[in-house]
Amino acid sequence: MLKRFLHFLLALSVRTKITIAVIVVGLGVFVTAYFEPHKLFIDEVVDEEFPAPVAIATTTTAAEATPATTVATTTVPPTTIAPDDPVTTTTAPTTTAPTTEPTGEDPEPGFKPATEEEQESAPVTTTSTTTTTTTVPPPTTTTTVPEGPVLLSSSEWIDLGHPGTGTVLVYRQPDGSHVIRFEDLDVSNGPDLLVILSASPLVDDRGAYSATEYLSLGDLKGNQGNQNYEVPADVNLDDYLTVAIWCRRFNYTFNAADIHSPPA
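Quick caveat: nothing in here was measured; it's all calculated off a predicted structure.

A. The arrangement of the pattern of salt bridges in detail. One pass over the full model with this rule turns up three salt bridges. A salt bridge links Glu48 to Lys221; the shortest N-O distance between them is 3.2 Å. Of this pair, Glu48 sits in the loop between strand 1 (45-47) and strand 2 (56-60) while Lys221 sits in the loop between strand 11 (214-219) and strand 12 (224-231); the two residues are 173 residues apart in sequence, bridging distant segments of the chain. Looking at Glu48, the relative accessible area reads 23%, which means it is partly exposed. For Lys221, a relative accessible area of 35% gives the class partly exposed. The shortest N-O distance in the salt bridge between Glu183 and Arg181 comes to 2.9 Å.

As structure tokens, this is what we get:
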């Protein structure tokens, strides 16, 4: 049989042989590019740390204070000091009293200068000024780190299209968002692999996980190692039951795990 086939090829014209060779090479390139069989023999290792809670900076502004400078004026009630009072021997506040010194001008009609005795017994008015300064402290900034994440679920991969091992952890972050983490992941590599959340329960059916409602969390980062996949904040995790590694190109699920298994 092989000899007949070889004789058949040798009997073909050169043009026909070239045409067949071009078709074979083109078919090989298409198969390699579309099916990517080489990925089955290449491991992609990713080792990510768990995303730590982000520190929150809070600025506290001081309460509204009184004006920076306040001037208070105090008027002491008039005090009459008698001429023969012993208190007059002490230092007295600044006294403003009428004066009878000549000013070079004629006094008004009816003006009667005060006698020396009246000047000494005139009321004394004292005015004091007090300045109060209030300093407003500058705003203070404090940095706080919220409490750590909460582990909600822990489960293991099941084999569907290909064997695989590793732990699937579901965390709730302090801000309410969720992170799905793969630890010690070791699954088969392949073309166009996505991580999806599926509404399908955990079943032994490679096509079930994309046949129901599902949400893509992005490309599989690597077929080995530790990886994090963030769930959008507006996604209700209760709407989904499983997470799966799914080949979009051939609608083929490699592995799946439950996302609501209580942690051990």
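B. Spatial organisation of the pairing of strand 13 (residues 242-247). Within strand 13, six of the six residues are buried, leaving the element largely enclosed by the surrounding structure. Bridge analysis of strand 10 (residues 193-198) against strand 13 gives six bridges, and the strand direction is antiparallel. Pairing of Ser198 across the sheet is with Thr242, part of strand 13. Summarising the sheet, strand 13 and strand 14 (residues 252-258) pair through six bridges and their orientation is antiparallel. Note that in strand 14 the partner of Ala244 across the bridge is Ala256. Remark: four residues form the turn of the hairpin made by strand 13 and strand 14, two consecutive strands paired antiparallel; Asn251 in that turn has positive phi of roughly 50°.

C. Representation of the nonpolar core within the structure. Counting residues in each nonpolar core, the largest one holds 23 residues, and the members touching the most others are Trp157, Ile180, Phe182, Leu197, Leu220, Val243 and Ile245. At the level of elements, strand 8 (164-172), strand 9 (178-187), strand 10, strand 12, strand 13 and strand 14 are the ones that each hand at least two residues to this core. Ignoring any residue separated from it by four or fewer positions in sequence, one finds Val243 in contact with Trp157, Val168, Phe182, Val195, Ile196, Leu197, Asn255, Ala256, Ala257 and Ile259. Formed by seven residues, the second largest nonpolar core is a distinct cluster that contains Leu160, Ile196, Tyr209 and Ala244.

D. Here's a closer look at the environment of Gln224. Tracing the backbone through its elements, the reader meets Gln224 in strand 12. C-alpha separation for the pair Gln224 and Asn189, spaced 35 residues apart in sequence, amounts to 8.8 Å. Each residue touching Gln224, except ones within four places of it in the same chain, is listed here: Asp43, Glu44, Val45, Val46, Leu185 and Asp186. A polar side-chain atom of Gln224 sits 3.3 Å from a polar atom in the side chain of Asp43.

The rules behind these values
Residues numbered from 1 in each chain as written. Predicted model: local features only at pLDDT ≥ 70, side-chain atom pairs only at ≥ 80, totals over all residues. Heavy atoms only, no water. Salt bridge = Lys/Arg side-chain N within 4 Å of Asp/Glu carboxyl O. Helix = DSSP H or I, 4+ residues; strand = E, 2+ residues; numbered from the N terminus. Buried < 20%, exposed > 50% of the residue type's maximum accessible area, 1.4 Å probe, protein only. Pairing = 2+ DSSP bridges. Core = buried A, V, L, I, M, F, W, Y, C linked by side-chain atoms within 4.5 Å. Contact = heavy atoms within 4.5 Å. Polar contact = N/O pair within 3.5 Å; in protein donor to acceptor, adjacent residues only side chain to side chain.

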